[in-house]
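Secondary and tertiary structure notes
Residues per chain are reported as follows:
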Amino acid sequence: MLGVYVHLPFCPYLCPYCDFAKWPLRESAARRYLDALYAEIEREPSVPASTVYLGGGTPNAYDAETITQVLMRLESRFFGASEISIELNPELVRAGDFARYRTAGITRVSIGVQSFEPAEIRTLGRKHTIAQIESVVAQARDARLPSLSLDLIFAVPGQTPDSWRRTLRAATELEPDHISCYGLTVEEGTPYAAWRAREPQAFFDDEREAELYAIAIEKLQSAGYEQYEISNFARPGHRCAHNLNYWANGEYVGLGVGAASFRGGVRSVHTRSLERYASASLDGRAIPSEAERLEGRQRAGEAIMLALRTAQGVSLRAFKERYGIDVMADYAPIVARFADTGLLERIGDSVRLTRRGRFLANDVCGAFITFE
Ligand code: SF4
């Protein structure tokens, strides 16, 4: 499998918690960026791809005609993808967009809802309304987009267990095929980091955040969504193949500013400078990037960390065949420690996080990464 990620970094405004490579939308910069992106795509060899993901930023800051053009350029180099996803801001969806997306081959839309509570939407710096979310979901259904996902955020300052339950209920009542739930993380250098420094009590501690996570698992599972990854829930047949490839430590190509690739055992990340990216690409120079070859323990530790995020966990036989490592023997002290504390379990050929382990996934995964 080869996944293709394309970063479209412009947003109508910037959210105060966001640490992505993103810039406020300006028409001239957005047009120049497209030229740079097309130049980068053209330099790629023509190969088959399994999935394409248009992420951001806000991909639909570009109109549907431009998105169609991007996909046509991609198809000339990365052909045959069976899943093509796009992230959408509900405020920016225009009449007829979904029909155009479908004609362009898009199979999956991921809508940045974040919350169904107006006060929380404002706290997150977003401007959409509940009516817009409902309208956008109805439009996607009318256009028969094969798969529809909603993105939600929990541990938002001011959120309560009850308001989170209301958001989950409103989300499931719209019957999306897939729901992602991410706990808010406060990244250094963002306005949220400054807010937390001034007012730490406004933010959730681990225990209160875990309470909201438990509510999400319970509500979504009882509404028929399988938790197939720590933060992702799907109805049967609607898992995100693009992200599954990441967690399987598969190969992917990242195009655009700040985009990451993993090919031939080398992980590389493009510069996060818009100017450096655009000028290098337009001049036909290599995009400034940082690269590292993952080998030995480091490669195996990364692969275990990624696999543990999924419901299936680590397949012992597959790891032996692919990486030549015996997880039970080579990582024996870690497996024993977390099995004894009830965070890891062995089921047949797999080692996976227990339900309790999912709440402490960062600790468990981190131990595999740092194990010497
Ligand atoms: S819309 Fe998304 S990418 Fe843009 S600023 Fe907000 S969180 Fe960041």
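Residues numbered from 1 in each chain as written. Predicted model: local features only at pLDDT ≥ 70, side-chain atom pairs only at ≥ 80, totals over all residues. Heavy atoms only, no water.

**Quick word on the overall build of the protein**
Definition in use: The helix count covers DSSP runs of H or I at least four residues long, the strand count covers runs of E at least two residues long, and both are numbered beginning at the N terminus. To get the radius of gyration, use the C-alpha atoms; to get the globule rule, take the number of residues to the power 0.38 and multiply by 2.2 Å. Residue burial is assigned from relative accessible area. The probe radius is 1.4 Å, only protein chains are included, and a residue is buried under 20% of its type maximum, exposed over 50%, and partly exposed in between.
Per the secondary structure count, the protein includes 16 helices and 19 strands. What you see for the protein is a C-alpha radius of gyration of 21 Å, in line with the 21 Å of a compact globule of 372 residues. By its C-alpha atoms, the protein is 55 × 50 × 45 Å across when sized along the principal axes. For the protein, buried positions account for 52% of its 372 residues.

**Quick notes on the nonpolar core**
The condition is simple: Among buried residues, those of type Ala, Val, Leu, Ile, Met, Phe, Trp, Tyr and Cys that are joined through side-chain atoms within 4.5 Å constitute a nonpolar core. Contacts are residue-level and defined by heavy atoms, with any inter-residue pair within 4.5 Å sufficient.
In this structure, Leu54, Leu74, Phe98 and Cys181 are the most contacted members of the largest nonpolar core, which totals 92 residues. In terms of residues, this core owes the most to one element, helix H1 (residues 27-42), which gives eight residues. Not counting the four nearest positions on each side in its chain, phenylalanine 98 is found in contact with Leu88, Val93, Val109, Val136, Gln139, Ala140, Ala143 and Leu145. If you look at the next biggest cluster of nonpolar residues, it comprises 14 residues, including Cys15, Leu184, Val186 and Trp195.

**Some details on the pairing of strand E8 (residues 108-114)**
For the record, the criterion: Any two strands between which DSSP finds at least two bridges are classified as paired.
Within E8, seven of the seven residues are buried, leaving the element largely enclosed by the surrounding structure. Burial along E8 is two-sided: the face carrying Arg108, Ser110, Gly112 and Gln114 and the face carrying Val109, Ile111 and Val113 are both buried. Across four bridges, strand E7 (residues 83-88) lies against E8 in parallel orientation. Across the sheet, glutamate 87 pairs through a bridge with serine 110, a residue of E8. Where E8 meets strand E9 (residues 147-154), six bridges bridge the pair, whose relative direction is parallel. Along E9, the bridge assignment pairs arginine 108 with serine 147.

**Re the environment of threonine 129**
Tracing the backbone through its elements, the reader meets threonine 129 in the loop between helix H4 (118-123) and helix H5 (130-142). Accessibility expressed as a relative area gives 34% for threonine 129, which makes it partly exposed.

**Looking at a negative patch on the surface**
What counts here: What goes into a patch is any residue over 30% in relative accessible area without a salt bridge, connected to like charges within 9 Å or, for nonpolar side chains (Val, Leu, Ile, Met, Phe, Trp, Tyr), within 5 Å. Areas reported here follow the Shrake-Rupley algorithm with a probe of radius 1.4 Å; residue values treat only the protein chains shown as occluding. Think of a salt bridge as a Lys or Arg side-chain nitrogen and an Asp or Glu carboxyl oxygen that are within 4 Å of each other. Neither His nor the chain ends contribute to the count of charged residues, in which Lys and Arg are positive and Asp and Glu negative. By convention, charge coordinates are those of NZ in Lys, CZ in Arg, CG in Asp, or CD in Glu.
There is a patch of like negative charges on the surface, built from Asp205, Asp206, Glu207, Glu211 and Asp363. When residues of the negative patch are assigned to their parent elements, the largest contribution, three residues, is made by helix H8 (residues 206-222).

**Section: the site of the ligand**
The condition that has to hold: Any residue with a heavy atom positioned within 4 Å of a molecule or strand is treated as near that molecule or strand. Each residue is assigned to one of three groups, with Ala, Val, Leu, Ile, Met, Phe, Trp, Tyr, Cys and Pro labelled nonpolar, Asp, Glu, Lys and Arg labelled charged, and all others, Gly among them, labelled polar.
Taken together, the neighbourhood of the ligand is formed by Cys11, Tyr13, Leu14, Cys15, Tyr17, Cys18, Phe20, Lys22, Gly57, Thr58 and Arg126. Class assignment for the residues of the shell around the ligand results in seven nonpolar, two polar and two charged.

**Observations concerning the packing of H1 against helix H2 (residues 64-77)**
To keep it simple, the criterion reads: Inter-axis angles, ranging from 0 to 180 degrees, are taken between N-to-C directions of lines fitted to C-alpha atoms, where helices are fitted over the stretch in contact. Orientation categories follow fixed angle ranges, with anything under 35 degrees roughly parallel, anything over 145 roughly antiparallel, 65 to 115 roughly perpendicular, and all other angles oblique. Less than a right angle of anticlockwise turn of the near helix away from the far helix marks a crossing as left-handed, whereas a clockwise turn marks it as right-handed.
Closest axis-to-axis distance for the H1/H2 pair is 9 Å, and the angle between their directions is 15°. Classified by the angle their axes make, H1 and H2 are roughly parallel. Pair H1 / H2 crosses with right-handed handedness. Residue-level inspection shows Leu34, Tyr38, Ile41 and Glu42 of H1 in contact with H2, the latter providing Thr66, Gln69, Val70, Arg73, Leu74 and Arg77. Considered class by class, the residues forming the contact of H1 with H2 number five nonpolar, two polar and three charged.

**What to know about the state of the cysteines**
Using the following cut-off: Working definition: a disulfide is two cysteine sulfur atoms within 2.5 Å of each other.
The final tally for this structure, using the stated rule, is zero disulfides. Cysteine 181 supplies the cysteine sulfur nearest to cysteine 365, a cysteine that is in no disulfide, at a spacing of 18 Å.

**Concerning the packing of H1 against helix H10 (residues 274-283)**
Put simply, H1 and H10 touch, their axes get as near as 8 Å, and they point 50° apart. By the criterion of interaxial angle, the relationship of H1 to H10 is oblique. As H1 packs across H10, the resulting crossing turns out to be left-handed. Across from Arg32, Tyr33, Asp35, Ala36, Leu37, Ala39 and Glu40 in H1, the residues of H10 making contact are Leu274, Glu275, Tyr277, Ala278, Ser279, Ser281 and Leu282.

**Let's talk about the sheet that holds strand E17 (residues 314-315)**
Overall, antiparallel pairing links the three strands, which are arranged E17-E19-E18 in an open sheet. One side of each edge strand has no neighbouring strand; the edge strands of this open sheet are E17 and strand E18 (344-347). With four bridges connecting them, E18 and strand E19 (residues 350-353) associate as antiparallel partners. Residue pairing across strands places glutamate 345 opposite arginine 352, the latter belonging to E19.

**Regarding the packing of aromatic side chains**
Worth spelling out the cut-off: Centres within 6.5 Å are what make two rings of Phe, Tyr or Trp a pair, Trp counting through its six-membered ring; a difference in plane orientation under 30 degrees is then read as stacked, over 60 as edge-to-face, and the rest as tilted. Any Lys NZ or Arg CZ found within 6 Å of a ring centre and within 35 degrees of that ring's normal is scored as a charge over the ring.
All told, the structure shown has 18 aromatic pairs when counted by the stated rule. Geometrically, the ring pair formed by phenylalanine 319 and tyrosine 323 is tilted, given 5.1 Å between the ring centres and 50° between the ring planes. Placement of the pair is phenylalanine 319 and tyrosine 323 together in helix H12 (residues 316-323), with a separation of four residues, close to one helical turn. Exposure remark for phenylalanine 319: the relative accessible area of 7% places this residue in the buried category. Their ring planes at 45° and their centres at 5.4 Å tell us that tyrosine 331 and phenylalanine 371 sit as a pair that is tilted. A residue pair is termed long-range when its members are at least 10 positions apart, and tyrosine 331 in the loop between helix H13 (327-330) and helix H14 (332-340) and phenylalanine 371 in the segment after helix H16 (361-370) qualify at 40 residues. Stacked on the ring of tyrosine 38, the Lys or Arg arginine 73 has its end atom at 3.9 Å from the ring centre. Above the ring of tyrosine 13, the side-chain terminus of lysine 127 is found at 4.3 Å from the ring centroid.

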